[in-house]
Amino acid sequence: EDFAGAAQHFEKALAAAKADTFAGEQVATMLGLSMVAYRQGKFFDAARWNKEAVELARKLKQASLKRTGVLNEARIRLGQGDAAGAEPLLRKLVGEAGVSSQLRWTAHVELGQLLAGQGRNAMPEFERAMTLLEAGQANLTAAEDRISFVSGRIAGKNAASRAPS
């Protein structure tokens, strides 16, 4: 894994976003830098990037990016051995309205891992994560079926229009 290369990429992207005043891109890029630092075990840097991203997301009223920052903060705290600080953040994400299914699923998994690591009952969190995953899969299958049906109808009409009369 090339974390140094990833960090350089994100830093260049951040400089470009700042130069063009794309504040939303700045938030996303800082969140990316936070996760690269986290994966490298550089928790201080990860927390610094994440804090800047969350503050900017709050100013811009970008709730979804702010929530991603909350998940990042929980992960950073877990990486630092601060399960007591991470747990309320994860519980907030799984209980808050407006959280995307993917973020909620991830928060349930992280919370389940935290609880299991403490010898506590983690099954409800993993079951909730699986329910979200299965619901997402069902929605995807339904969408794929509709796309296949429409594509088939279009292909049929195109073939009929090209058929000799």
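Residues numbered from 1 in each chain as written. Predicted model: local features only at pLDDT ≥ 70, side-chain atom pairs only at ≥ 80, totals over all residues. Heavy atoms only, no water.

Chemist: Any chance you could break down the packing of aromatic side chains for me, citing the residues and the numbers?
Modeler: Under the definition given, this model contains 1 aromatic pair. Across from the ring centre of Trp 49, 4.8 Å away, lies the NZ or CZ of Arg 48, which sits over that ring. (Phe/Tyr/Trp six-rings, centres within 6.5 Å; stacked < 30°, edge-to-face > 60°. Lys NZ or Arg CZ within 6 Å of the ring centre and 35° of its normal.)

Chemist: I'd like to hear about the packing of helix α2 (residues 23-39) against helix α3 (residues 43-60), residue by residue, with values.
Modeler: It is at 8 Å that the axes of α2 and α3 come closest, and there the two elements cross at 160°. Here α2 lies roughly antiparallel to α3, going by the angle between them. Two packed elements cross with a definite hand, and for α2 against α3 that hand is left-handed. Residue-level contacts link Ala 23, Gly 24, Gln 26, Val 27, Met 30, Leu 31, Leu 33, Ser 34, Ala 37 and Tyr 38 of α2 to Phe 43, Asp 45, Ala 46, Trp 49, Asn 50, Glu 52, Ala 53, Leu 56, Ala 57 and Leu 60 of α3. Looking at the contact of α2 with α3, its residues break down into 14 nonpolar, 4 polar and 2 charged. (Axes fitted to C-alpha atoms, helices over the stretch in contact; angles between N-to-C directions. Helix = DSSP H or I, 4+ residues; strand = E, 2+ residues; numbered from the N terminus. Parallel < 35°, antiparallel > 145°, perpendicular 65-115°, else oblique. Left-handed = near helix turned anticlockwise from the far one by under 90°. Contact = heavy atoms within 4.5 Å. Nonpolar A, V, L, I, M, F, W, Y, C, P; charged D, E, K, R; others polar.)

Chemist: An account of the confidence of the model for the chain is needed here, citing residue identities and associated values.
Modeler: Chain-level pLDDT for the chain is 85 on average; 79% of the residues reach the 70-or-more range. Least confident of the elements in the chain is helix α7 (residues 123-162), whose mean pLDDT is 70; most confident is helix α5 (residues 83-95), at 97. Long-range and interchain partners of residues 157-161, a stretch whose pLDDT sits below 50, account for 0 contacts in this model, where long-range means more than four residues apart. (pLDDT = per-residue confidence, 0-100.)

Chemist: I'd like a description of α5, backed by residues and values.
Modeler: Its 13 residues give α5 an end-to-end C-alpha distance of 18 Å, which sits within 8% of 18 Å, the value for a rise of 1.5 Å per residue. Every buried residue belonging to α5 is among Ala 83, Gly 85, Ala 86, Glu 87, Leu 89, Leu 90, Leu 93 and Val 94, and all of these are buried. (Expected span 1.5 Å × (residues − 1). Buried < 20%, exposed > 50% of the residue type's maximum accessible area, 1.4 Å probe, protein only.)

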